[in-house]
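Residues per chain are reported as follows:
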Amino acid sequence: MGLLMCGFAAAALYVVGDIVSGFAYKSARPYSFKDQWISELTARASPVRPGMVTVVTIHDLLLIAFGIGVWRAGADAQNRSLRWAGVALIAAHAFGLPIHSFFPMTSRWLEPTSSDWMHGASSAVWGIGISVAIVLAAVAIRGWFRWFSIASLVVIL
């Protein structure tokens, strides 16, 4: 149960980190929650980069733990789709760990580098992994959760 609670902790940490970093960024440079992405908070030369990279790293580690919990729950219930959803979560977030640390995007006021391309490509692969996990979870769990998963995918896309 503790591993599954890591999913809630990860979501809460992400929201708090985004809000705190966004307001701290605003005090140094203009930042818009509506018009800018979270990657700009971890970008090269971002005034809040160290703190936000820490938040994103802990977030990914918590979601790897959550993926282990999902995998175990699937194994206990003998639900193959749920086990694979856990594996997809683990793989996506293990792959996602280095994105913000090693391939940060470049802040808007700087000249782009090859890291921008790697950041975009890595984020796309990460997004595909998350989408696969959502689809597998929707297949594994019927009822309201399936509809929630489908709605989530529509919003993400």
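Residues numbered from 1 in each chain as written. Predicted model: local features only at pLDDT ≥ 70, side-chain atom pairs only at ≥ 80, totals over all residues. Heavy atoms only, no water.

### A look at the overall build of the protein chain
Alright, step 1. Within the protein chain, the secondary structure is distributed over 5 helices and 0 strands.
Alright, step 2. Computed over C-alpha atoms, the radius of gyration of the protein chain comes to 17 Å, within 12% of the 15 Å expected from 2.2 N^0.38 for 157 residues, which places it in the range of a compact globule.
Alright, step 3. Overall size of the protein chain, expressed as C-alpha extent along the three principal axes, is 50 × 30 × 25 Å.
Alright, step 4. With 157 residues in all, the protein chain has 39% of them scored as buried.
Alright, step 5. For the protein chain, restricting intrachain contacts to residue pairs at least 6 apart in sequence, the fraction spanning at least 24 positions comes to 57%.
Alright, step 6. Of the roughly 9,200 Å² that the protein chain leaves accessible, carbon and sulfur atoms contribute 72%. (Helix = DSSP H or I, 4+ residues; strand = E, 2+ residues; numbered from the N terminus. Rg over C-alpha atoms; globule rule 2.2 N^0.38 Å. Buried < 20%, exposed > 50% of the residue type's maximum accessible area, 1.4 Å probe, protein only. Contact = heavy atoms within 4.5 Å. Areas by Shrake-Rupley, 256 points an atom, 1.4 Å probe, with all protein chains shown as cover.)

### A short note on the nonpolar core
Alright, step 1. Core analysis: the biggest nonpolar cluster contains 12 residues, these being V70, L82, A85, A88, L89, A92, I130, A133, I134, A137, A140 and L153.
Alright, step 2. Sequence-distant contacts of L153, that is, excluding residues within four places in its chain, are made with S131, I134 and V135.
Alright, step 3. L41, V48, V55 and V56 belong to the second-largest nonpolar core, a separate cluster that totals 8 residues. (Core = buried A, V, L, I, M, F, W, Y, C linked by side-chain atoms within 4.5 Å.)

### So, the packing of aromatic side chains
Alright, step 1. Under the counting rule described, the total for this entry stands at 6 aromatic pairs.
Alright, step 2. Centre to centre, the rings of Y31 and F33 are 5.4 Å apart; their planes meet at 90°, and the pair counts as edge-to-face.
Alright, step 3. Take F33: its relative accessible area is 33%, and that puts it in the partly exposed class.
Alright, step 4. A centroid spacing of 6.4 Å and a plane angle of 40° characterise the contact between F145 and F148, whose relative ring orientation is tilted. Of the two residues, F145 and F148 are both situated in helix 5 (residues 144-156); the distance of 3 residues between them amounts to about one turn of the helix.
Alright, step 5. Ring pairs connect the aromatic residues F23, Y25, Y31 and F33, which therefore count as one cluster. (Phe/Tyr/Trp six-rings, centres within 6.5 Å; stacked < 30°, edge-to-face > 60°.)

### Quick word on a nonpolar patch on the surface
Alright, step 1. A surface patch of nonpolar side chains, about 360 Å² in accessible area, is lined by V15, I19, F23 and F33.
Alright, step 2. Turning to its location among the elements, V15 is positioned in helix 1 (residues 2-28). (Patch = residues over 30% accessible without salt bridge, like charges linked within 9 Å, V, L, I, M, F, W, Y side chains within 5 Å. Salt bridge = Lys/Arg side-chain N within 4 Å of Asp/Glu carboxyl O.)

### Comments concerning unusual backbone geometry
Alright, step 1. Phi is positive for A45, which is not a glycine, with a value near 75°.
Alright, step 2. Along the chain, the position of A45 falls in the loop between helix 1 and helix 2 (49-76).
Alright, step 3. Look at Q78: it is not a glycine, yet its phi comes out positive at around 50°.
Alright, step 4. Residue placement: Q78 occurs in the loop between helix 2 and helix 3 (80-102).

### Things to note about helix 2
Alright, step 1. Compared with an ideal rise of 1.5 Å per residue, which puts 28 residues at 40 Å, helix 2 spans 40 Å between its outermost C-alpha atoms and is within 8% of the ideal.
Alright, step 2. Just downstream of helix 2, Q78 is the residue with a positive phi angle, here 50°. (Expected span 1.5 Å × (residues − 1).)

### So, the side chain of H119
Alright, step 1. Mapping H119 onto the fold places it in helix 4 (residues 114-140).
Alright, step 2. Excluding residues within four positions of it along the chain, H119 makes contact with S39, I99, H100, F103, P104 and M105.

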